[in-house]
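Spelled out from the first residue to the last, the chains are:
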Amino acid sequence: MTLLDLRGPVRVTIGLHRRVLWAALALVLLAAIALPAGRWYVQSLAEDFAATGCKVENTVPGCGIRVRGFLSRSLYVNRMFHYIGLGMGVLPLVLGAFVAGPLVGRELESGTYRLQWTQSVSPARWLAARLAVPAAGALLVLPAFVLLAAWVRRESLDTWYPLQWNELPVYQLIGPVSVSYALLGIAVGAMAGLLIGRTVPAMAAAVTMVGIVTGALVLIRPRLWPALDGPSRGGDAGIFSGPVDLSAVLHHPESHFWPLQLVESAIVLALAATAIVAAFALLRRRHR
Amino acid sequence: MTAAIEAHGLGRRFRRGGWALRDCSFRLPAGRICALIGPNGAGKSTLLALAAGVLKPTEGTLTTPPREAIAYVSQDKPLHPQLTVAETLRMGADLNPGRWDAAVAGKVVEGGGLDPARRVRALSGGQRSRLALALALGKRPTLLLLDEALSDVDPLARRELMGALLATATEDGTTVLMSSHILSELEDACDHLLLIDGGRVRLGGSVDDLLQAHTLVSGPISDLAPHTVVTARATGRRLTALIRPEGPVSTDGGGWQVEEPTLEELVLAHLGAPGVPALLTTAMEAAA
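Everything numeric here is computed off the predicted structure, so don't read it as measured data. (Residues numbered from 1 in each chain as written. Chains lettered and ligands numbered in written order. Predicted model: local features only at pLDDT ≥ 70, side-chain atom pairs only at ≥ 80, totals over all residues. Heavy atoms only, no water.)

Novice: Explain a nonpolar patch on the surface here, please?
Specialist: Where nonpolar side chains cluster on the molecular surface, the patch consists of W22, L25 and L29 of chain A and spans about 350 Å² of accessible area. A residue is classified by how much of its surface remains accessible, and L25 of chain A, at 37% relative accessible area, is partly exposed. (Patch = residues over 30% accessible without salt bridge, like charges linked within 9 Å, V, L, I, M, F, W, Y side chains within 5 Å. Areas by Shrake-Rupley, 256 points an atom, 1.4 Å probe, with all protein chains shown as cover. Salt bridge = Lys/Arg side-chain N within 4 Å of Asp/Glu carboxyl O. Buried < 20%, exposed > 50% of the residue type's maximum accessible area, 1.4 Å probe, protein only.)

Have a look at this one:
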């Protein structure tokens, strides 16, 4: 099976789901515009605020309104970043549901897989094409988006509301784990769709499975790399700064960002690979 | 003579136990047009789905041309409801690079006056059948499998579609296996017959050979040995029987009439006598 063999089935897959794909692309673009726009907005807010001569650290009478306005607007942008991060957290569930339901489960339920299989597309090529479309989307779009988000986060560090690397929504937006979880969603969705073969139950199963795996990994996340003794210097009680071990106070410095992200990505990718292998094995066992 | 389909001990079990098809051995020579006849639940659809590569045999082997060379129209004619007629045909072109014949597919669709911009979900049952057949013929198969493909097409359109089908089959030397539980639908189009009942092959061969292998005799009640009696019915003192003559039938015993049965009589007699051994003429006998 080469990529060339997949051209036709992939084109058909895109044609069948072009509305969903356009909508997904539009959402990603919107978020990709919102992130730098928010960063520049905060920058211009700070410049305007500096021009007024007021200072947050020393709010003299007459500056109260301006300080409040500046702070609350800056906080909006900080919140927006968090919401986009939460969106990234939900993305694997959405991808899982999409693959399990419309992409695979519905075809098995309505019998249209037979149409594909008798239009010269072997079962394995059919599944590969169904997976290639969301996987290519995730691999092409998400890394760029993650780089953009990581840059916006770094730029936020000298603002009033710096985005900490260890906050849950931030952590999953600025590193490779986001791509890994997206691929996990696709893989688990494929397995659930093939296993159950009906649209709605398969979607529910995929969301449940991805949710359980994600939740479990978030819980053990601080243990994926040896933490350092003592409380964090910043005093910020993010998820990694709290006690990892109840008997001793431990923390992860920012230098642990990459090891933590890579270990978690490796685990998630291994799970995704297992799900893909299981899906293809299931397909081969049931159909020739 | 090369075989388009060759089955050896082919069987397929239902998911909940019981056999849809069992111990099925036959060969269909290339270039023949074969009627697959049997009552409801005989295993016709299962056999066609196995030949189409949509189902996997539980046991036995089945040799067919590669997937690219097979076209299959199943009973429920699965099509993607969200595509238009034109998009469905484009899908056929995308999935069958190098094979697709847009002119053939277009002619079948135009024959029914189908609007290319119409969505599949808005088509009537007969129109969907026409589109499914256009997809099947458009890939110029060497083996065409039709499962009650024309059952919901009106009589006028059926004649036209049967004509288009036979024309394509003749031009390309396509092997056709088409099922129906109504023999008269297929009788004049087919040169071979495969009768299955209860998941087993009962009769198979060229129509001429099968008719020649059977004789309808009527005369005074007497022992019909050594001939194989398929059915015998006594009316008064006379006996009417369908037999497979083993050697010459002596007609000089007085008052014996011998005639060739019609295909319909042959089929009905075998369906009414499940205990009679199966008969495959040399043309359709699987090689040992």
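Novice: Quick question: what am I supposed to make of the UniProt feature "domain: ABC transporter" (unreviewed entry) in chain B here?
Specialist: Taking the UniProt record as the reference, the feature "domain: ABC transporter" (unreviewed entry) is found at residues 5-223 of chain B. Helix makes up 33% of residues 5-223 of chain B and strand 29%, with an end-to-end C-alpha separation of 40 Å. (UniProt positions renumbered as here; feature names shortened; annotations may be inferred. Helix = DSSP H or I, 4+ residues; strand = E, 2+ residues; numbered from the N terminus.)

Novice: Just checking my understanding: could you explain the packing of helix α2 (residues 18-52) of chain A against helix α5 (residues 123-155) of chain A for this structure?
Specialist: The description of two packed helices rests on the angle between their axes and on the distance between the axes. All names here are of chain A. For the pair α2 and α5, the least separation of the axes is 9 Å and the interaxial angle reads 10°. Classified by the angle between their axes, α2 and α5 sit roughly parallel to one another. Packed against α2, whose contacting residues are L21, V28, A31, A32, L35, P36, R39 and W40, the element α5 presents V133, V141, F145, L148, A149, W151, V152 and E155 at the interface. (Axes fitted to C-alpha atoms, helices over the stretch in contact; angles between N-to-C directions. Parallel < 35°, antiparallel > 145°, perpendicular 65-115°, else oblique. Contact = heavy atoms within 4.5 Å.)

Novice: Is there a simple way to think about the nonpolar core in this case?
Specialist: Within soluble globular proteins, side chains that are nonpolar generally end up buried alongside one another. Formed by 148 residues in total, the largest nonpolar core has its most connected members in W126 and L127 of chain A together with I5, F26, L145 and L193 of chain B. The leading source of residues in this core is α5 of chain A, at 13 residues. Two domains each put at least three residues into this core: domain 1 (3-208) and domain 2 (210-277) of chain B. In contact with L145 of chain B, not counting residues within four places along its chain, are I5, L48, A51, A52, I70, A71, Y72, V73 and L177 of chain B. Judged by nonpolar contacts, the second largest core, of 8 residues, contains F49, V56, V67 and L71 of chain A. (Core = buried A, V, L, I, M, F, W, Y, C linked by side-chain atoms within 4.5 Å. Domains from an automatic or database assignment.)

Novice: How do you make sense of the interface of chain A and chain B when you look at a structure like this?
Specialist: Size of an interface, as often reported, equals the accessible area lost when the parts are brought together. Contacts between chain A and chain B engage 29 residues on the former and 32 residues on the latter. Together chain A and chain B conceal approximately 2,500 Å² of surface at their shared face, both sides included; 51% is due to carbon and sulfur atoms. Joining chain A to chain B, the criterion identifies 3 salt bridges. Here R18 of chain A ties to E87 of chain B by a salt bridge, and the two come within 2.9 Å at their closest N and O atoms. For the pair chain A and chain B, the interface holds 14 residue pairs in polar contact (both at pLDDT 80 or more). Looking at the side of chain A that touches chain B, the elements that each hand over two or more residues are α1 (7-16), α2, α3 (64-110), α4 (112-117) and α9 (257-286) of chain A. Residues that form the side of chain A that touches chain B fall into these classes: 8 nonpolar, 11 polar and 10 charged. (Buried area = accessible area lost by both parts, 1.4 Å probe. Polar contact = N/O pair within 3.5 Å; in protein donor to acceptor, adjacent residues only side chain to side chain. Nonpolar A, V, L, I, M, F, W, Y, C, P; charged D, E, K, R; others polar.)

Novice: What is the right way to look at helix α2 (residues 85-95) of chain B in this model?
Specialist: Residues three or four positions apart in an α-helix share a direction because the helix packs 3.6 residues into each turn. The element α2 of chain B is extensively covered by neighbouring structure, given that 8 of its 11 residues are classed as buried. Every buried residue of α2 of chain B is listed here: V85, E87, T88, L89, M91, G92, D94 and L95 of chain B. Packing partners of the buried residues in α2 of chain B comprise α1, α2 and α4 of chain A together with α3 (102-111) and α4 (125-138) of chain B.

Novice: Would you take a moment to explain the sheet that holds strand β13 (residues 257-259) of chain B for this structure?
Specialist: Strands in a sheet are paired, the pairing made by backbone hydrogen bonds, and the direction either parallel or antiparallel. Residue and element names in this part refer to chain B. Ordered by their spatial adjacency, 4 strands build an open sheet running β11-β12-β10-β13, and the pairing between neighbours is antiparallel. Every interior strand has two partners, whereas the edge strands, β11 (228-235) and β13, have only one. Taken pair by pair, the neighbouring strands of this sheet meet at an average axis angle of 20°, ignoring direction. For strand β10 (residues 215-220) and strand β12 (residues 238-244), the ladder comprises 6 bridges, and the chain directions are antiparallel. Bridge pairing links G219 to L239 in β12. Contacts from helix α8 (residues 263-271) reach β10, β11 and β12 within the one sheet, and its direction differs from that of β12 by about 90°. (Pairing = 2+ DSSP bridges.)

Novice: Where do I start with the sheet that holds strand β2 (residues 19-29) of chain B in this structure?
Specialist: All names here are of chain B. Taken in spatial order, the 3 strands make up an open sheet running β2-β1-β4, and their pairing is antiparallel. Edge positions in the sheet fall to β2 and β4 (59-63), since each has one partner strand and no second. Each neighbouring strand pair of the sheet contributes to a mean axis angle of 15°, computed without reference to strand direction. Where strand β1 (residues 3-13) and β4 come together, 4 bridges link them in antiparallel fashion. For G11, the partnering residue across the bridge sits in β4 and is E59.

Novice: Looking at this structure, I do not really get the environment of L210 of chain B. What am I missing?
Specialist: All names here are of chain B. One can find L210 in helix α7 (residues 207-212). On the basis of relative accessible area, L210 is assigned to the buried category, the value being 0%. Taking C-alpha positions, L210 is 12 Å from H270, a pair spaced 60 residues apart along the chain. Not counting chain neighbours up to four residues away, the residues in contact with L210 comprise L193, L203, G204, G205, L266, L279 and T281.

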